[in-house]
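Residues per chain, in single letters:
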Amino acid sequence: MKGIISLILVFGSMFSLAGQSLSGGIPFVTNYSEKDLKVSTVNYGIIQDNRGIMYFANEYGILEFDGSNWNIVTAVSNHSNIKSLAITKSNRIYAGAQGDFGYIDYQQENGVVFHSLLDLVPAEYRDFNDVWNIVLHNHEVYFHTWRAIYRFDGEKIDVINTGHQIKGLFKVRDEVLLHDEFGLHRKRGDDFERLPGSEPLSNEELRFILPMNEEDLLVGTLAGGLFVYTNHELKPFETEPQIDFKSTGLSTGHVRKNGDFVIGTHKAGVYILSKDGFVKTQLTKAQGLQNNTIRGLYTDIHNNLWVTHKTGIDMVELSTPLYHMKPSTEEPTGVYSIVEYEGDMYYATHDGLLRQSIEQGANHSFERVKGSIDINWSLNKLGDIVVLAHANGFSQLHNGELIPIYGGEGCWLIRALPQHPDYLIGGTYQGLALFRKEGERLHFVHKIRGFNESSRVLEIGDNGEIWVAHGYRGIYRLVLNSSLNEVEQLSFYDYSKGLPSHMFNTVFKLNQELVFGTQVGFYNYDASADSMIMNMELTELLGYGQGRLVKEDPKGDVWFISGDKSGIIEKHADGSRTVVTNPFNKLNEYYIPGFENIYFSGNQKAYIGTKDGVIVYDAATDVYKPANFKCLLRAVKTSGGEDVLYEDNIKFLCDTLIGQDIKLLYKEVKNNSLTFSFSAAYYENTKNIRFKYYLQGYDNDWSDWEDIRYKEYTNLKEGDYQFRLKAINIYGAETDDIIYRFSILPPWYRTVYAYAGYFMLFIFIFYLAIRVRDRRAGVEKQRYIEKQERIRKIEQAAYQEEKLRNELESKNKELAAIAMKTICKNEKLIDLQARIITIKEDATKQVEQKLSDLLGFIESEISDDDWDDFELRFDLAHNNYIRKLKEEFSALTPHDLKICAYLKMNLSSKEIAQLLNMSVRGVENARYRVRKRLGLDSSVNLTDWLMSR
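What counts, and at which threshold
Residues numbered from 1 in each chain as written. Predicted model: local features only at pLDDT ≥ 70, side-chain atom pairs only at ≥ 80, totals over all residues. Heavy atoms only, no water. Helix = DSSP H or I, 4+ residues; strand = E, 2+ residues; numbered from the N terminus. Rg over C-alpha atoms; globule rule 2.2 N^0.38 Å. Contact = heavy atoms within 4.5 Å. Pairing = 2+ DSSP bridges. Axes fitted to C-alpha atoms, helices over the stretch in contact; angles between N-to-C directions. Phe/Tyr/Trp six-rings, centres within 6.5 Å; stacked < 30°, edge-to-face > 60°. Buried < 20%, exposed > 50% of the residue type's maximum accessible area, 1.4 Å probe, protein only. Lys NZ or Arg CZ within 6 Å of the ring centre and 35° of its normal. Parallel < 35°, antiparallel > 145°, perpendicular 65-115°, else oblique. Nonpolar A, V, L, I, M, F, W, Y, C, P; charged D, E, K, R; others polar. Core = buried A, V, L, I, M, F, W, Y, C linked by side-chain atoms within 4.5 Å. UniProt positions renumbered as here; feature names shortened; annotations may be inferred. Arc of directions from axis to C-beta. pLDDT = per-residue confidence, 0-100. Left-handed = near helix turned anticlockwise from the far one by under 90°. Polar contact = N/O pair within 3.5 Å; in protein donor to acceptor, adjacent residues only side chain to side chain.

As recorded in an unreviewed UniProt entry, the chain goes by the name HTH luxR-type domain-containing protein, listed as coming from Carboxylicivirga sediminis.

Structure, rendered in structure tokens:
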């Protein structure tokens, strides 16, 4: 998990190795696992740019970490695994992958991209596997593959093919070295010349070559261990006998700024060696790394060691004089008190009294002292006597064993009575107990009557009075009688006697004076007023944080824990004092609240009890000076992320300056709301990095220090702004503030052009008002005229309709008259026909023949020869009714059309029969046929249907 500090103790031989440089301790390690990376945990090469941002060769691409966020910057063109990275002085980042290599670039249309150089490679050399290493030399970039070396001069690619498999390519000092089956070769001009005496390396697989001095080389091999190449001769590098690099296998190597060698292995984690082969530190999974198979090593600008492997990334803090020792890797072991006695260190814990040898070179593991119980509170060194206070009483430590001296109740601590040299007073769960020293042994005398409060914290005043601090009540002052068996005088101090509160008070002895820790700083006792007063000297130095601990070391400096600050008040020869918090502020999360404790071993080391083990401060190491770091404005976006106005990586790649002027159009920015994202390129205790910001033109002043990584501003008005930002780390080191300038234009409706438009619009509206007033009467008149015209047209249309109706009625009457005339004619002809038939019956054949001819003539006259004239007149009267009917119903016969026309005229079947010279029955049949051809249902009245059309 991000930011979780792994501080694991090493047992057995590994612990012994680590202890030889760090007295049994290991440095702080921060683990970054899959949950943090959110991509593949397999990583290889490591680099850092001049902003301080870290980059890692990851399976998914180039992985970036800015102290806050992990992000894949870009992937190679073929999306293969990246194995190697390199960065130039101008911060161009090169990457080598499987079958591809190139550099990070920026394209306006695509953003940050990977620029492949494969197109510059001759076609016959484009088929290669992994790019194992990238070497920068004399403005040229060398990409190493087993097939060949590809040299890029900024414009073209030259292929260096030796005709043999190229096993390795390295840069040492300012030389390029090549390794193949014949040994090592040094680049000379465009050629490589063999290094004499390197032939034994021909069968080895080299993993690294490091400079030992101006001439000699340290060569690391996969299975052959370490070698020194000196005076044209190859020799094994001598290390401690227990180190077997041949069995662990070497994977990578690195030189720290102080000249130490950092060696990565396949099975045993990381070794840090001195130049003479002495193992300063070994880091394995047991000591905080996530994996023992190391892929990459890198020391950043703050001297932190970065380690990559197949399960994540680890950061090891090697620049701090603090290291950690933990008694157990299984469960946390809180250390409540520490003392050095008879060549050993003793630790009072809730898992027994633990002993650790401090003899140089001895095994530094912890062992439980025989006879100790689980819960132990304090170790009290009284001259040459050490007394352990525990949950069952007091025990004396003698010759490495515990001898009980008091039992029956739990005990907290014991103090000597200066006015009575042979006596000591012990604080118990229920009051005080008196002890007497007889030679090298302590003996219980009796309990003190008159005081039964828990006495976890007590000190002895100059006049022999006993001060007991109770965490939840206040402070007691006790004066014993001359027999030391009873409290003669008891005084109580809380807020009524000067204390800020009755809660969480404690008492210390500092420079032989009593100092009381309270919730708002440190106080002293004023005997003249019998009251507590604030210690102004400590308050001016430390402020008003809770007074948790003050303790003087052998040099006279004062160690303190006040609120969330830790450090040293250094005393100078001129009497002045300086507060030093580096690197102690990071310890605040490790203290046991209420049981903070520090033990000084000589002038060089301080042992600090924590919730899990001991943190050791070694003053013999180099003076700790936190390096400068940079605050980074990573991006500026409109709220919601619709538009990216500024991106740090793009600025970095384009080599532009932060603070460029950017105009934001109101219509392009939703609600004129901006979000600023930022980080700090500092990697120790990243969760304690805080930021301060100030938007000039909006804010009144700088904000307080805040634990945030972005700031949003909403509904910004038009104007010029400067967003200023700076960061502070856990040690109080501040960055320079960075400035981002931008301007927000007014919305279009508040621009000069808009106001000019508003003026013109006013003039126009005024003009329109006048025109409207002048034209209103005309408009009303025109409306009246138009209304009258509409009335006239309606009346005219009604007249025309009535006229047409009358004409239609007249034509219908005319048609009816024609039809009736035809009917009358046909009736007369039928009557005449009947008479002739009667006469014909009595006529001669000659006459009969003539009568038959006459009947034929009459029959022809009864026909509908006048139909064409009728049809013409009918269509004129009824808007081409017959023609439209024929077009719509093509199945209708002429006879059917006659039936339809007569029905349209509302003639009866009998009348139609007379007109068509057929029977009424025939007319009914004809009507049936018409209905069928029109597709009408039987429920529909044929006459009504025809008349409605």
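Okay, the overall build of the chain next. What the chain contains, in helices and strands, is 13 helices and 65 strands. For a compact globule of 949 residues, the expected C-alpha radius of gyration is about 30 Å, and the chain comes in at 55 Å, more than 25% above that figure. Taken along its principal axes, the extent of the C-alpha atoms in the chain is 190 × 90 × 65 Å. Excluding contacts between residues fewer than 6 apart, the proportion of contacts in the chain whose partners are at least 24 apart in sequence is 51%.

Spatial ordering of the open sheet is given by β39-β40-β41-β42, a layout of 4 strands whose pairing is antiparallel. Strand pairing shows two members of the sheet lacking a second neighbour, β39 (411-416) and β42 (441-447), which therefore form its edges. Between one strand axis and the next, the sheet turns by 30 degrees as a mean value, whatever way the strands run.

With that out of the way, let us pick up the packing of aromatic side chains. All chains considered together, the criterion is met by 57 aromatic pairs. Relative to Tyr476, the ring of Phe451 lies with its centre 5.2 Å away and its plane at 70 degrees, an arrangement referred to as edge-to-face. Here Phe451 is found in the loop between β42 and β43 (457-460), whereas its partner Tyr476 is found in strand β45 (residues 474-480), with 25 residues between them in sequence. Like Phe451, the residue Tyr476 is buried in the burial classification. Aromatic ring contacts, followed pair by pair, group Tyr646, Phe676, Tyr698, Tyr713, Tyr721, Phe723, Tyr740 and Phe742 into a single cluster. The residue whose ring lies beneath Arg92 is Tyr103, and the NZ or CZ to ring-centre distance is 3.8 Å.

Between two packed helices, what matters for the description is the angle formed by their axes and the separation of those axes. Two elements in contact, helix α11 (residues 909-916) and helix α12 (residues 920-934), have axes separated by 8 Å at closest approach and are oriented at 100 degrees. By the criterion of interaxial angle, the relationship of α11 to α12 is roughly perpendicular. Counting all contacts with α11, which are made through Ser909, Lys910, Ile912 and Ala913, the residues of α12 involved are Val920, Val923, Glu924 and Arg927. Partitioning the contact of α11 with α12 into residue classes produces 4 nonpolar, 1 polar and 3 charged.

As a further point, take the nonpolar core. Generally speaking, soluble globular proteins have nonpolar side chains that are buried together. Ranked by size, the top nonpolar core spans 33 residues in total, and within it Tyr55, Phe56, Trp70, Ile82, Leu85, Trp306 and Ile313 carry the most contacts. Of all the elements, strand β4 (residues 54-58) adds the most residues to this core, at 4 residues. Those residues in contact with Phe56, other than ones at most four positions away along the chain, are Asn43, Gly45, Ile46, Gly61, Ile62, Leu63, Phe65, Trp70, Leu85, Trp306, Thr308 and Ile313. By size, the runner-up hydrophobic cluster in this structure holds 27 residues, among which are Phe870, Leu885, Leu892 and Leu903.

UniProt marks residues 889-946 with the feature "domain: HTH luxR-type" (unreviewed entry), using the numbering shown here. With 67% helix and 0% strand, residues 889-946 has end C-alpha atoms that lie 13 Å from one another.

Among the residues of helix α9 (residues 881-888), those classed as buried are Tyr881, Ile882 and Leu885. Summarising the axial view, the buried residues of α9 lie within an arc of 95 degrees, below the 170-degree limit, and thus occupy one face.

Once that is clear, we can look at the confidence of the model for the chain. Taken as a whole, the chain shows an average pLDDT of 86; of its residues, 91% reach a score of 70 or greater. Scored below 50 in pLDDT, residues 656-670 shows 37 contacts in the model against residues more than four places distant or in partner chains.

What follows covers the sheet that holds strand β47 (residues 506-510). Ordered in space as β47-β48-β49-β50, the 4 strands form an open sheet in which the pairing is antiparallel. Edge strands, defined here as strands with exactly one partner in the open sheet, are β47 and β50 (531-534). Within the sheet, the average angular offset between the axes of one strand and its neighbour, ignoring direction, is 40 degrees. Inspection of the sheet shows β47 paired to strand β48 (residues 513-518) by 5 bridges, in the antiparallel sense. Paired with Lys509 across the two strands is Leu514, which belongs to β48.

Now for the packing of helix α10 (residues 894-904) against α11. For the pair α10 and α11, the least separation of the axes is 10 Å and the interaxial angle reads 135 degrees. Accordingly, the angle class assigned to the pair α10 and α11 is oblique. Here α10 runs over α11; the crossing is right-handed. Of α11, the residues touching α10 (which contributes His895, Lys898, Ile899, Tyr902 and Leu903) are Ile912, Leu915 and Leu916. Taken together, the residues that form the contact of α10 with α11 break down as 6 nonpolar, 1 polar and 1 charged.

With respect to the element layout, His254 can be found in strand β23 (residues 250-255). A distance of 2.7 Å separates the side chain of His254 from the side chain of Thr299, its partner in a polar contact. Excluding its chain neighbours within four sequence positions, the residues that come into contact with His254 are Leu210, Asp260, Phe261, Val262, Leu297, Tyr298, Thr299 and Leu305.

Our next topic: α11. Within α11, burial applies to Ser909, Ile912, Ala913, Leu915 and Leu916. Buried residues of α11 fall within an arc of 165 degrees about the axis and therefore sit on the same side. Asn917 occupies a position one or two residues after α11 and carries a positive phi of about 55 degrees.

This part takes up the side chain of Ser501. Mapped onto the elements, Ser501 comes out in the loop between β46 (487-493) and β47. For Ser501, a relative accessible area of 14% translates into the label buried. Aside from chain neighbours lying at most four places away, what touches Ser501 is Tyr495 and Gln519.

The next point concerns the environment of Asn213. Summarising the element assignment, Asn213 is placed in the loop between β19 (206-211) and β20 (217-221). A residue is classified by how much of its surface remains accessible, and Asn213, at 37% relative accessible area, is partly exposed. When the C-alpha positions of Asn213 and Gly259 are compared, they lie 9.2 Å apart, and in sequence the two are 46 residues distant. Within the local environment of Asn213, its side chain forms a polar contact with the backbone nitrogen of Glu215, the two atoms lying 2.8 Å apart. Here Asp216 takes part through its backbone nitrogen, which lies 2.6 Å from a polar atom of the side chain of Asn213.

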